Amino acid sequence: MKYGYIVDHETIIDEVLVSYFKKPKSYTTEDMCEINSHGGNVIMRKILELCLKNGAELAEPGEFTKRAFLNGRIDLSQAESVIDIINAKTDREAKEGIKQLEGFLAKEIKEIKNKVLDIMTNIEVSIDYPEYDTPEIMEEELKTKMNVVLKKLEDLEKSFANGKIIKEGIKTAIIGRPNAGKSSLLNAILKEERAIVTEYEGTTRDTIEEFVNINGIPLKLIDTAGIRKTQNEIEKIGIEKSKKIAKEADLIIFIIDSSKDITQEDYEILDTMQPDKTIVILNKIDLGQKIDRNTEKINKFHHVIDMSALKRKGLQELYEKITELFNLNEINVENDIVITNERHKNQIQKAIQNLKKAKESLDKKMPIDIIAISLKDVLMNLGEITGEEASEEIIHEIFARFCLGK
Ligand code: GDP
């Protein structure tokens, strides 16, 4: 790192530190330097203009990472993780991104590809020297090896459900009749957990999506604006609307004021809820409970919690239920490889299909080169994840999502 001045002819522009990264030990593997100036718009622009005047070129969004990929320092899945890290909303998500950046996924894919290559070598041998190995023995061996690969691919595919939760949060709807305690619950969660709330523009114009991170559980709250509104204007949630929200949600928290008798409307809304993704909260237990949780309608919900949103009782149980419902304890961020990227999942699914095709051909005793073709497709599918086989178009699309300077 050198200390000095940026000068334009005789004029000093700023006092700076310049770091020099000698190739190949730089982010892009090329010769690079970074200028640390005092910052500020005017100075930064002047330095930039001066660099451009002296032959520098302005980088495209994502160009640094793209060069790192094209020069072979990182693979495509690692490059993609850079965006994930920048956009991470929770610790877990950031950790997944870092793991991917370290190359865990790339390594796993490489191992699977080696296994497929090994199977292909076996096949080639039998094409070239049909007198070796009796076909039956070879068939069994091939099948065993294919099953090992299939299991690995299926595990990766399955991990996507968790990966999606880590990345996008559990889409959660808090619903219930006016005055049941929806906003009290929301406030209790927000206060108690000092939850990090991130607000996003919703997909429809006037909705706000809030992202709440409780105990590492990422909840994406749906229609919270609606919840807050009900405090002032008594708005009926309505059965139709409940149905619509329930359909969208991964998790429904249905609140009933249990100090009063259950209403017909509560029953009707309950009827439209899917028990496996609904947690029923019997709120206001501090006022004494009038609702019997053993009634038939409530009984069919396996997840019922007594709560006092006002006194903040029952919150812990709620978190435990959510953790249990989504198997969140099973996500081992440190060790397991979790697929968080839709593109990767699609490629893995294609690889699974092609591997199954290869197995089928083997079962049907098809010519061995037919099996080899399906296996080659598996390699292609996996190669698109790490980038060896990715087309210009895919690569362009991925880096277009980067921001300037990354
Ligand atoms: P919402 O219309 O469903 O959002 O309901 P609110 O959260 O606004 O609550 C309606 C009223 O019930 C407010 O006066 C709250 O203070 C009160 N409330 C909410 N939860 C409890 C509770 O657990 N116990 C008691 N005693 N009152 C509660």
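Residues numbered from 1 in each chain as written. Predicted model: local features only at pLDDT ≥ 70, side-chain atom pairs only at ≥ 80, totals over all residues. Heavy atoms only, no water.

**Digging into the overall build of the protein**
Per the secondary structure count, the protein includes 15 helices and ten strands. For the protein, the residues scored as buried account for 44% of the 406 residues in total. Restricting to contacts in the protein with at least 6 residues of sequence separation, those with at least 24 account for 67%. Total accessible area computed for the protein in this model is approximately 22800 Å², and 51% of it derives from carbon and sulfur atoms. (Helix = DSSP H or I, 4+ residues; strand = E, 2+ residues; numbered from the N terminus. Buried < 20%, exposed > 50% of the residue type's maximum accessible area, 1.4 Å probe, protein only. Contact = heavy atoms within 4.5 Å. Areas by Shrake-Rupley, 256 points an atom, 1.4 Å probe, with all protein chains shown as cover.)

**Examining the packing of aromatic side chains**
Aromatic rings in a pair are described by how distant their centres are and how their planes are angled relative to each other. Counted by the stated rule, this structure contains three aromatic pairs. In textbook terms, an aromatic cluster arises when at least three aromatic residues are bridged by ring pairs, as seen for F69, F399 and F402. (Phe/Tyr/Trp six-rings, centres within 6.5 Å; stacked < 30°, edge-to-face > 60°.)

**Considerations on helix α1 (residues 41-53)**
Helix length check: α1, at 13 residues, gives a terminal C-alpha distance of 18 Å against a target of 18 Å (1.5 Å per residue), a fit within 8%. At the exit of α1 stands G55, carrying a positive phi of roughly 110°. (Expected span 1.5 Å × (residues − 1).)

**Some points on the site of the ligand**
Around the ligand there are 17 residues in total, and N179, K182, S183, S184 and D286 lie nearest to it. One of the backbone N or O atoms of G181 is found 2.9 Å from an oxygen atom in the ligand. Here an oxygen atom of the ligand and a side-chain polar atom of K284 are 2.9 Å apart. Coverage of the ligand by the protein chains reaches 80% of its 570 Å² of free accessible surface. Across the shell around the ligand, the residue classes tally to five nonpolar, eight polar and four charged. (Near = heavy atom within 4 Å. Polar contact = N/O pair within 3.5 Å; in protein donor to acceptor, adjacent residues only side chain to side chain. Nonpolar A, V, L, I, M, F, W, Y, C, P; charged D, E, K, R; others polar.)

**Focus on the nonpolar core**
If you look at the biggest cluster of nonpolar residues, it comprises 29 residues, and the most contacted ones within it are M146, L153, L355, L375 and L382. Breaking this core down by element, the ones donating at least two residues are α5 (104-128), α6 (135-168), α13 (342-363) and α14 (368-386). If one sorts the elements of this core by residue count, α6 sits on top with eight residues. The residues contacting L153, other than those within four sequence positions of it, are I112, I348, A351, I352, L355 and L382. (Core = buried A, V, L, I, M, F, W, Y, C linked by side-chain atoms within 4.5 Å.)

**A few points about the side chain of H303**
Looking at the element boundaries, H303 is found in the loop between α11 (296-299) and β10 (304-306). For H303, a relative accessible area of 10% gives the class buried. Contacts of H303, omitting those with residues within four sequence positions, involve P275, T278, I279, V280, K321, E324 and L325.

**Quick word on the packing of helix α3 (residues 76-87) against α14**
In a pair of packed helices, the angle between the axes and the distance between the axes together describe the arrangement. Their axes nearest at 5 Å, the elements α3 and α14 cross at an angle of 40°. Here α14 runs oblique to α3, going by the angle between their axes. Within the contact between the two elements, α3 uses L76, S77 and E80 and α14 uses E384, I385 and T386. Across the contact of α3 with α14, the residue classes break down as two nonpolar, two polar and two charged. (Axes fitted to C-alpha atoms, helices over the stretch in contact; angles between N-to-C directions. Parallel < 35°, antiparallel > 145°, perpendicular 65-115°, else oblique.)

**Description of the side chain of S159**
With respect to the helices and strands, the residue S159 is situated in helix α6. Residues contacting S159, with those up to four places away along its chain left out, are I337, V338 and I339.

**Some words on the pairing of strand β4 (residues 170-176)**
Most of β4 sits out of view: six of its seven residues are buried. Direction of pairing for β4 relative to strand β7 (residues 217-222): parallel, over a ladder of four bridges. Looking at β7, one finds that I170 is bridged to L219. By the bridge criterion, five bridges tie β4 to strand β8 (residues 251-257) in an arrangement that is parallel. Each bridged residue has a counterpart across the sheet, and for A173 the counterpart in β8 is I252. (Pairing = 2+ DSSP bridges.)

**Description of a nonpolar patch on the surface**
On the surface, a nonpolar cluster with roughly 660 Å² of combined accessible area is contributed by M1, Y3, Y5, V7, I12 and L17. Put simply, the parts of the chain that give the nonpolar patch at least two residues each are β1 (2-8) and β2 (11-21). Counting residues per element, the nonpolar patch draws most heavily on β1, which supplies three residues. Within the fold, I12 resides in strand β2. Judged by its relative accessible area of 51%, I12 is exposed. (Patch = residues over 30% accessible without salt bridge, like charges linked within 9 Å, V, L, I, M, F, W, Y side chains within 5 Å. Salt bridge = Lys/Arg side-chain N within 4 Å of Asp/Glu carboxyl O.)

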